Amino acid sequence: MSLIITARHFKLKDDLRQYVEEKASKLNKFFDGIIKIEVTLGWEKLTRIVEIKLNVNSKSIIIKESSDELRKSFDLAIDRAERQLKRYKSKIRTTEKNI
């Protein structure tokens, strides 16, 4: 699994990079087939925006979240990513059982 972190319109500090790496690496326990994770952090005026793109098997899952704080936006996006991965994993299992 490769992890790419991009910061738009600001310089990414080491503590925030470490926080993102730590949380994003935990997504692997929800689904083993993650090939690549791309995290884009940025802001527009007073809104902090986080976009997470997960490349899983032959599918891309894109999650976008925004709030007034960057870490809060990232936490919301990670929570959604966990739910999406669980849903995708159960969908794969049900289709495998039907075959």
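An account of the accompanying structure is given in this report. Keep in mind the model is a prediction, meaning the values are calculated, not measured.

1. Re the nonpolar core
Item 1. Ranked by size, the top nonpolar core spans 28 residues in total, and within it Leu27, Ile37, Leu41, Ile52, Leu54, Phe74 and Leu85 carry the most contacts.
Item 2. At the level of elements, α1 (14-25), β2 (34-44), β3 (47-56), β4 (59-67) and α2 (70-98) are the ones that each hand at least two residues to this core.
Item 3. Among the elements that take part in this core, α2 stands out by supplying 8 residues, more than any other.
Item 4. If we skip the residues at most four places from it in the chain, isoleucine 52 touches Ile37, Glu38, Val39, Ile61, Ile62, Ile63, Phe74, Ala77 and Ile78.

2. Focus: a positive patch on the surface
Item 1. Taken together, the side chains of Lys59, Arg83, Arg87 and Lys91 define a basic patch exposed on the protein surface.
Item 2. Among the elements that take part in the positive patch, α2 stands out by supplying 3 residues, more than any other.
Item 3. Structurally, lysine 59 is set in strand β4.

3. What to know about the environment of tyrosine 88
Item 1. By secondary structure assignment, the location of tyrosine 88 is in helix α2.
Item 2. On the basis of relative accessible area, tyrosine 88 is assigned to the buried category, the value being 13%.
Item 3. A C-alpha to C-alpha distance of 18 Å links tyrosine 88 and serine 25, two positions 63 residues apart in sequence.
Item 4. Once residues lying within four places of it in the same chain are set aside, the contact partners of tyrosine 88 are Phe31, Val56, Asn57 and Lys59.

4. Comments concerning the pattern of salt bridges
Item 1. Using the criterion set out here, one finds 4 salt bridges in the structure.
Item 2. Glutamate 38 is the partner of lysine 36 in a salt bridge, and the nearest nitrogen-oxygen pair spans 3.2 Å.
Item 3. Note that glutamate 65 and arginine 80 form a salt bridge whose closest N and O atoms lie 2.9 Å from each other. Highlighted residues: glutamate 65 in strand β4 and arginine 80 in helix α2, separated in sequence by 15 residues.
Item 4. Of the residues examined, glutamate 65 reaches a relative accessible area of 17% and is grouped as buried.

5. Overview of unusual backbone geometry
Item 1. Unlike most non-glycine residues, histidine 9 shows phi in positive territory, near 70 degrees.
Item 2. Its identity as a non-glycine residue notwithstanding, asparagine 57 has a phi of 45 degrees, on the positive side.
Item 3. Structurally, the position occupied by asparagine 57 is in the loop between β3 and β4.

Rules used throughout
Residues numbered from 1 in each chain as written. Predicted model: local features only at pLDDT ≥ 70, side-chain atom pairs only at ≥ 80, totals over all residues. Heavy atoms only, no water. Core = buried A, V, L, I, M, F, W, Y, C linked by side-chain atoms within 4.5 Å. Buried < 20%, exposed > 50% of the residue type's maximum accessible area, 1.4 Å probe, protein only. Helix = DSSP H or I, 4+ residues; strand = E, 2+ residues; numbered from the N terminus. Contact = heavy atoms within 4.5 Å. Patch = residues over 30% accessible without salt bridge, like charges linked within 9 Å, V, L, I, M, F, W, Y side chains within 5 Å. Areas by Shrake-Rupley, 256 points an atom, 1.4 Å probe, with all protein chains shown as cover. Salt bridge = Lys/Arg side-chain N within 4 Å of Asp/Glu carboxyl O. Lys, Arg positive; Asp, Glu negative; His and termini not counted. Charge placed at Lys NZ, Arg CZ, Asp CG, Glu CD.

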